[in-house]
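Here is how the chains run, residue by residue.
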Amino acid sequence: MQKLIINGGKKLNGEIRIQGAKNAALPIMAASVLCGENIILRNCPKISDVYSAMRILTYLGCKAGFEEGSGVVSLNAESISCSEISDELMREMRSSIFFLGAVLGRTGRCRITLPGGCDLGPRPIDMHLAALRKMGVSIHEEYGALDCVAENGLHGAKISLSFPSVGTTENIMLAAVLAEGTTIIHNAAREPEIADLAEFLNRCGAKISGAGGGKITVSGVKKLHGCEYDIMPDRIACATYLACAASAGGELVITGCRPSDEENILPVFEQMGCIVHTVDDKIFFSAKRPLKAVAPIRTMVYPGFPTDAQAFVMAALCKAKGTSVFVENIFENRYKHVGGLTRMGADILVEGKVAVIEGVNRLYGVKTEAPDLRGGAGLVTAALAAEGTSEISNVHYIDRGYEDIEKVLSSAGADIKRI
Ligand code: EPU
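About the criteria used
- Residues numbered from 1 in each chain as written.
- Predicted model: local features only at pLDDT ≥ 70, side-chain atom pairs only at ≥ 80, totals over all residues.
- Heavy atoms only, no water.
- Near = heavy atom within 4 Å.
- Polar contact = N/O pair within 3.5 Å; in protein donor to acceptor, adjacent residues only side chain to side chain.
- Areas by Shrake-Rupley, 256 points an atom, 1.4 Å probe, with all protein chains shown as cover.
- Helix = DSSP H or I, 4+ residues; strand = E, 2+ residues; numbered from the N terminus.
- Nonpolar A, V, L, I, M, F, W, Y, C, P; charged D, E, K, R; others polar.
- Pairing = 2+ DSSP bridges.
- Axes fitted to C-alpha atoms, helices over the stretch in contact; angles between N-to-C directions.
- Parallel < 35°, antiparallel > 145°, perpendicular 65-115°, else oblique.
- Left-handed = near helix turned anticlockwise from the far one by under 90°.
- Contact = heavy atoms within 4.5 Å.
- Buried < 20%, exposed > 50% of the residue type's maximum accessible area, 1.4 Å probe, protein only.
- Core = buried A, V, L, I, M, F, W, Y, C linked by side-chain atoms within 4.5 Å.
- Salt bridge = Lys/Arg side-chain N within 4 Å of Asp/Glu carboxyl O.
- 1 Å grid on protein atoms, 1.4 Å probe; cavity = no way out; pocket = protein on both sides within 12 Å on 5 of 7 lines; lining within 4 Å.
- Points joined across faces, edges and corners; volume = space filled by probe spheres on them.

Participant: Help me out: how do you make sense of the site of the ligand in this one?
Facilitator: Close contacts around the ligand come from 24 residues, with D126, S165, D308, I330 and R374 the closest. Between the ligand and K22, the relevant distance is 3.0 Å, taken from an oxygen atom to a side-chain nitrogen or oxygen of the residue. Contact between the ligand and R94: an oxygen atom at 3.3 Å from a side-chain N or O atom of the residue. Here the ligand, which alone exposes 840 Å², has 89% of that area covered by the protein. Looking at the shell around the ligand, the elements with two or more residues in it are α1 (22-31), α5 (126-134), α6 (166-176) and α12 (373-383). Of the residues in the shell around the ligand, the class split is ten nonpolar, seven polar and seven charged.

Below you can see the structure in the form of structure tokens.
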């Protein structure tokens, strides 16, 4: 079992280039199923969820792989030969669910089981299924498998979401691209990754407008063609490294990012007392001491404060002067990192959706385990500011979303290694 060993107390200084976005790469890889020609994706992160998506594509009879020594993925779904995904592959990650909309769109049928992924509380797919039913899909459940068939092909529909779910919005877009007629999604999720998926699909010949806003229109087309595409930068990885710098101290230049995507997070670092300056695709970041507590943070859908940044921003606040409060509104069970943080000496009280953090003067290195992807990143963030050595196990969770986290952080001066 791999572990991260972190000797805390070293400041971060230097430059970090941001990887491509996990949550854009995964739906885009699923989207490649809709197209029978070559697709080249640049800036694709080398993370375990991307390898899981490749295994699903290969299982379906498509070609998928990184070009040697690069972040370039080449995909070809011309010879798709199957419309069923094994339970083992479905359980590897939550994003396996994107293949439902894409395979249905391409072949008119798809058999899957429920997706896996980080345990953040219940993560139902009822909204995905209800939307697909409106588009002409009949769904039969037997022995935990979902048999989905569009007997007369998929057709456009008006779909009004009761909550702007990211995955549901993307799955509908995937199913709608080759459907007969027009699909309109009301109360669509507005996350930047949705606009990235739409941009990719439009480059392949799809007709999608409004993505990034609350109403998305997809006019079905007969066929998609291949394209070359640059995956957007990972706004959550960017925020993670800023939180690491806030926690450890020091000065970082983040390159290859989109500062406009960080506007829901940067003001929080400024409240902590950090100095943030953005120019083009760079963020100049200076962490001042001591950090200050911040006004209550409520996680919300975009453009609110992202639930994905809650754990590591909380970790950075453990040593801030004063009291900070989080209200987690998106997932029921997203405070699993709190146990590890309190073991390091943090003072955190969790009551339902609310976590109250009283800043402490010191954190201590301990043995702990990543509870999930972002929670694991939170423990790394705190360990960088802790006295002594931390050992973080269950690194496979962190590897789902961060490309070589230990190499990135050690290149900026952290004392971190993987054993
Ligand atoms: N929900 C339902 N029914 C559904 C779908 C969602 O009740 O059919 C609920 C969920 O249970 C949850 C809420 O709606 O309480 C939000 O879920 P959403 O569908 O928006 O999230 P997701 O598509 O499962 C994506 C990201 C997550 C990120 C959330 C929220 C990807 C691959 N995953 O998940 O990313 O936390 O949106 O922004 O895009 C991560 O990167 O660590 C991560 C978990």
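Participant: How should I be thinking about the sheet that holds strand β16 (residues 282-287) in this particular structure?
Facilitator: Sheet strands associate in pairs through backbone hydrogen bonding, adopting either a parallel or an antiparallel arrangement. Taken in spatial order, the four strands line up as β2-β14-β16-β15 in an open sheet, and their pairing is mixed. In the strand order of this sheet, the two ends are held by β2 (12-17) and β15 (275-279), each with one partner. The sheet shows a mean angle of 10° between the axes of neighbouring strands, taken without regard to direction. Strand direction decides the pairing type here: β2 and strand β14 (residues 250-255), joined by six bridges, are parallel. Bridge pairing in β14 places I16 opposite I254.

Participant: Just checking my understanding: could you explain the packing of α5 against α6 for this structure?
Facilitator: Between two packed helices, the angle of one axis relative to the other and the distance separating the axes together describe the packing. Taken N-terminus to C-terminus, the directions of α5 and α6 make an angle of 25°; their axes are 9 Å apart at the nearest point. By the angle between their axes, α5 is roughly parallel relative to α6. In this structure, the crossing between α5 and α6 has a hand that is right-handed. On α6, the residues that touch M127, H128, A131 and L132 of α5 are G167, T168, N171, I172 and A175. Tallied by class, the residues present in the contact of α5 with α6 amount to five nonpolar, four polar and no charged.

Participant: Whenever I open this one, the environment of H396 confuses me. Can you help?
Facilitator: By the element assignment, H396 lies in helix α13 (residues 395-399). Its relative accessible area of 47% is what places H396 among the partly exposed residues. Remark: the alpha-carbon pair of H396 and F163, spanning 233 residues in sequence, is separated by 31 Å.

Participant: Help me understand the nonpolar core in this model?
Facilitator: Across soluble globular proteins, nonpolar side chains have a tendency to be buried as a group. In terms of nonpolar packing, the biggest core is built from 81 residues, with L41, F99, F200 and L201 touching the most fellow members. The element that contributes the greatest number of residues to this core is α1, accounting for seven residues. Apart from residues lying up to four places away in sequence, L201 is in contact with A31, L34, L174, V177, A206, I208 and L224. F285, L317, A346 and I348 belong to the second-largest nonpolar core, a separate cluster that totals 75 residues.

Participant: For this particular structure, what's the right way to read the pattern of salt bridges?
Facilitator: Oppositely charged side chains can pair when the atoms bearing their charge come close. Scanning all chains against the criterion turns up 17 salt bridges. Measuring nitrogen to oxygen at the nearest pair gives 2.7 Å for the salt bridge that ties R235 to E193. Here the residue R235 occupies a position in helix α8 (residues 235-248), and E193 occupies one in helix α7 (residues 192-203), the gap between them amounting to 42 residues. Taken individually, R235 and E193 each receive the classification buried, so the pair is uniform in this respect. A salt bridge links R203 to E199, with the nearest nitrogen and oxygen atoms 3.4 Å apart.

Participant: Please explain the layout of surface pockets as it appears in this structure.
Facilitator: One number sums up the size of the second largest pocket: a volume of about 300 Å³. In terms of lining residues, the second largest pocket is bounded by 20 residues, among which S247, R289, K319, V360 and N361 are the most central. Across the lining of the second largest pocket, the residue classes tally to eleven nonpolar, five polar and four charged.

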